[in-house]
Amino acid sequence: MNSIVKSKNIFDPKPIEIKGFEIDERIMKLAAQAEQNCAPLFAEINRVSRINGERVLSAFINNKVSAACMQGSTGYGYGDVGRDTLDKVYAEAFGAEDAIVRHSFVSGTHAIACALFGILRPGDKLISLTGEPYDTLHEVIGINKNAEGGKAGGGSLLDFKIEYDQLDLNSEGKPDIGAIFQRVKGVKAAYIQRSRGYSLRSALTVEDIAETIKAAKGANPEIIIIVDNCYGEFVEACEPIQAGADIIIGSLIKNPGGGIAETGGYIAGAKKYVELCAARLTSPGMGREVGCSLNQNKLMYQGLFFAPEVVANALKTAEFSSEIMGLLGFECYPKIHERRGDIITAVVMKNSENLIAFCQGVQKGSPVDSFISPMPWAMPGYDSKVIMASGAFNMGSSVELSADAPLREPYVAYVQGGLTYTAGRMGIIVALQEMLDRRGLPL
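Since the model is a prediction, treat every value here as computed from it, not as a measurement.

A. Geometry of the sheet that holds strand S11 (residues 402-406). Pairing within the open sheet is antiparallel, and its 5 strands lie in the order S8-S9-S12-S11-S10. Taken across any chain shown, the strands that pair with only one partner, and hence form the sheet edges, are strand S8 (332-333) and strand S10 (386-389). Where S11 meets strand S12 (residues 412-416), 3 bridges bridge the pair, whose relative direction is antiparallel. Across the sheet, residue Ala403 finds its bridge partner in S12, namely Val415.

B. Fine view of the nonpolar core. With 102 residues, the main nonpolar core has Tyr90, Leu129, Ile225, Ile324, Met325 and Phe358 as its most contacted residues. When neighbours within four sequence positions are excluded, Phe358 is seen to be in contact with Met325, Met349, Ala403, Ala413, Val415, Ile428, Ala431 and Met435.

C. Highlighting helix H9 (residues 352-364). Between its first and last C-alpha, H9 extends 18 Å over 13 residues, near the 18 Å set by a 1.5 Å rise per residue. In terms of burial, H9 is largely enclosed, as 11 of its 13 residues are buried. Those residues of H9 that sit buried are Ser352, Asn354, Leu355, Ile356, Ala357, Phe358, Cys359, Gln360, Gly361, Val362 and Gln363. Each element contacted by the buried residues of H9 is listed here: helix H8 (297-327), S10, S11, S12 and helix H10 (421-437).

D. Examining the confidence of the model for the protein chain more closely. Per-residue pLDDT for the protein chain averages 93, and the proportion of residues at 70 or more is 95%. Every residue in residues 1-5 is under pLDDT 50, and counting partners more than four places away or in other chains gives 0 contacts. Counting interchain partners and residues more than four positions distant, the pLDDT-below-50 stretch residues 147-152 has 11 contacts.

E. Here's a closer look at the sheet that holds strand S1 (residues 98-102). Read from one edge of the open sheet, 7 strands run S1-S7-S6-S5-S4-S2-S3, paired in mixed fashion. Looking at which strands have only one partner, the edges of the open sheet turn out to be S1 and strand S3 (163-166). Recorded for the sheet is a direction-independent mean angle of 20 degrees between the axes of neighbouring strands. When strand S2 (residues 125-128) meets strand S4 (residues 189-193), the two strands line up parallel, connected through 3 bridges. Looking across to S4, one finds that Ile127 is bridged to Ala190. Relative to the sheet, helix H3 (residues 108-119) contacts S2, S4, strand S5 (224-228), strand S6 (247-251) and strand S7 (265-269), its axis offset from that of S6 by approximately 150 degrees.

F. Here's a closer look at H10. With 17 residues, H10 should cover 24 Å at 1.5 Å per step; its first-to-last C-alpha distance of 24 Å lies within 8% of that length. Most of H10 is tucked away: 14 of the 17 residues are buried. Following H10 by one or two positions, Arg439 has its phi on the positive side, about 65 degrees.

G. The arrangement of the pattern of salt bridges in detail. The full count for this structure, using the stated rule, is 23 salt bridges. The residue Asp246 makes a salt bridge to Lys217 at a minimum N-O spacing of 2.9 Å. Pair noted here: Asp246 is in the loop between S5 and S6 and Lys217 is in helix H6 (residues 206-219), with a separation of 29 residues, a long-range link. For Lys217, a relative accessible area of 25% corresponds to the partly exposed category. Measuring nitrogen to oxygen at the nearest pair gives 3.1 Å for the salt bridge that ties Arg339 to Glu236. A residue pair is termed long-range when its members are at least 10 positions apart, and Arg339 in the loop between S8 and strand S9 (345-348) and Glu236 in the loop between S5 and S6 qualify at 103 residues. A relative accessible area of 53% means that Arg339 is categorised as exposed. Overlapping salt bridges, with partners in common, bring together Asp87, Asp98, Arg102, Lys271, Glu275 and Arg288 in one network.

H. Examining the packing of helix H1 (residues 25-62) against H8 more closely. Running from amino to carboxyl end, H1 crosses H8 at an angle of 160 degrees, the nearest separation of the two axes being 8 Å. Here H1 is positioned roughly antiparallel relative to H8, judged by the angle of their axes. The element H1 and its partner H8 pack so that their crossing is right-handed. Partitioning the contact of H1 with H8 into residue classes produces 20 nonpolar, 6 polar and 5 charged.

Scoring rules and cut-offs
Once a new chain begins, its residue numbering starts again from 1 and follows that chain's sequence as written. In view of the model being predicted, local features appear only for residues whose pLDDT reaches at least 70, and side-chain atom pairs are presented and counted only at 80 or more, with totals across whole chains, interfaces and linings using the full set of residues. For the side-chain quantities, the full set of heavy atoms in the structure was used; hydrogens and water were omitted. Being paired, for any two strands, means DSSP has found at least two bridges between them. Per the convention used, a helix needs a DSSP run of H or I reaching at least four residues, while a strand needs a run of E reaching at least two, with both numbered from the N terminus. For the purposes of this section, nonpolar cores are sets of buried Ala, Val, Leu, Ile, Met, Phe, Trp, Tyr and Cys residues that join through side-chain atoms within 4.5 Å. Whether a residue is buried, partly exposed or exposed follows from its accessible area with a 1.4 Å probe, protein chains only, as a fraction of its type maximum: under 20%, in between, or over 50%, in that order. Note on contacts: a residue pair is in contact if any heavy atoms of the two residues lie within 4.5 Å. Expected helix span is given by 1.5 Å per residue-to-residue step, counting one fewer step than there are residues. A score between 0 and 100, pLDDT records how confident the predictor is in each residue. Under this scheme, a helix contributes an axis fitted over its contacting stretch, all axes are lines through C-alpha atoms, and angles between N-to-C directions fall in the 0 to 180 degree range. We define a salt bridge as a side-chain nitrogen of Lys or Arg found within 4 Å of a carboxyl oxygen belonging to Asp or Glu. Between 65 and 115 degrees an angle is taken as roughly perpendicular, under 35 as roughly parallel, over 145 as roughly antiparallel, and anywhere else as oblique. Less than a right angle of anticlockwise turn of the near helix away from the far helix marks a crossing as left-handed, whereas a clockwise turn marks it as right-handed. Each residue is assigned to one class: nonpolar for Ala, Val, Leu, Ile, Met, Phe, Trp, Tyr, Cys and Pro, charged for Asp, Glu, Lys and Arg, and polar for all the others, Gly among them.

This is the structure:
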């Protein structure tokens, strides 16, 4: 009988040394406490991500996405099956009648401008139901405060005799439902900005948007509702189209690009309005039938496919940021356990030194350009110097961990993104260590 010999395992594995992170033990203890506090929220984020991921997968299958769709076109782009199928996939994923998705949208602002100029005509009136829009839209509309008479010139909406009005938010930072009834009468289109922009007001949830749209359409059934959906895609289990929006707009280097799309934007909603936007993007008579996709199709498909998971990671990073900064005594918006409408956490840094240190720390904890130290600069489209930490694979990508802020009181850092929660969490921890090193952290 052969005896069984138990051999001793001579291989004793040890973890590979992690180089480069020298974090104070007190910060690591706070991080562990923050994660423990966030556990119930992380479970809910996972649940919503699963719903959104299944919806995106279904859109791919129902629209028969094929290997041929991954190929690009050149020249005029006639018959680009990948481009045209991607439009259908986006429309279904967002619950819309139609969509146009193009790498030739250079930013979310460009896509919004395309929609506004495509839908509005001279003599029409546009109203913002969420107060002053994001900084980069000021010149699009013609409300640049630095220009004579408040008109930006250079081809703004006001230059084309399109009137503009805005309804300030109420004391709770929400749309003023009671005032909407009178203000939207005779108005062609209403603009709703879902995200906070560079302000401390809450991002709107889909429920908030539904209430706002109900009030506007109750007073003016023909009004066209245009929602800037940037930073909000896949945060909830439904989108503003289900709340009654006619058009939603966003950037592919934010949520729906999944950190993979290199550039681009989308417009989705009612077919008749999407067609008007397409005619503005190219030219009347050509619209969506032209526009080559070059080598971008595959990246835009993959980005959308990964987007629900990536947004979940960004949300976990956001919740972790809010909790750990709150434990340190910094005021955060939204606070932990507050319902979120986007992936952004606004942190009041109290002074410019803290703000710069935090942003430079986020850069140090980034996978790309970690050795670069960002400084405030006069960024095009903004009326204050802006510091932007974005050690991203795609330049300026806001779904990858980044922190940016205008250098003005109350010195708020706007933290967003996180392709993976592991990297997002560590980026925040490194930022805190940078603040501690500069004596800006109350430990």
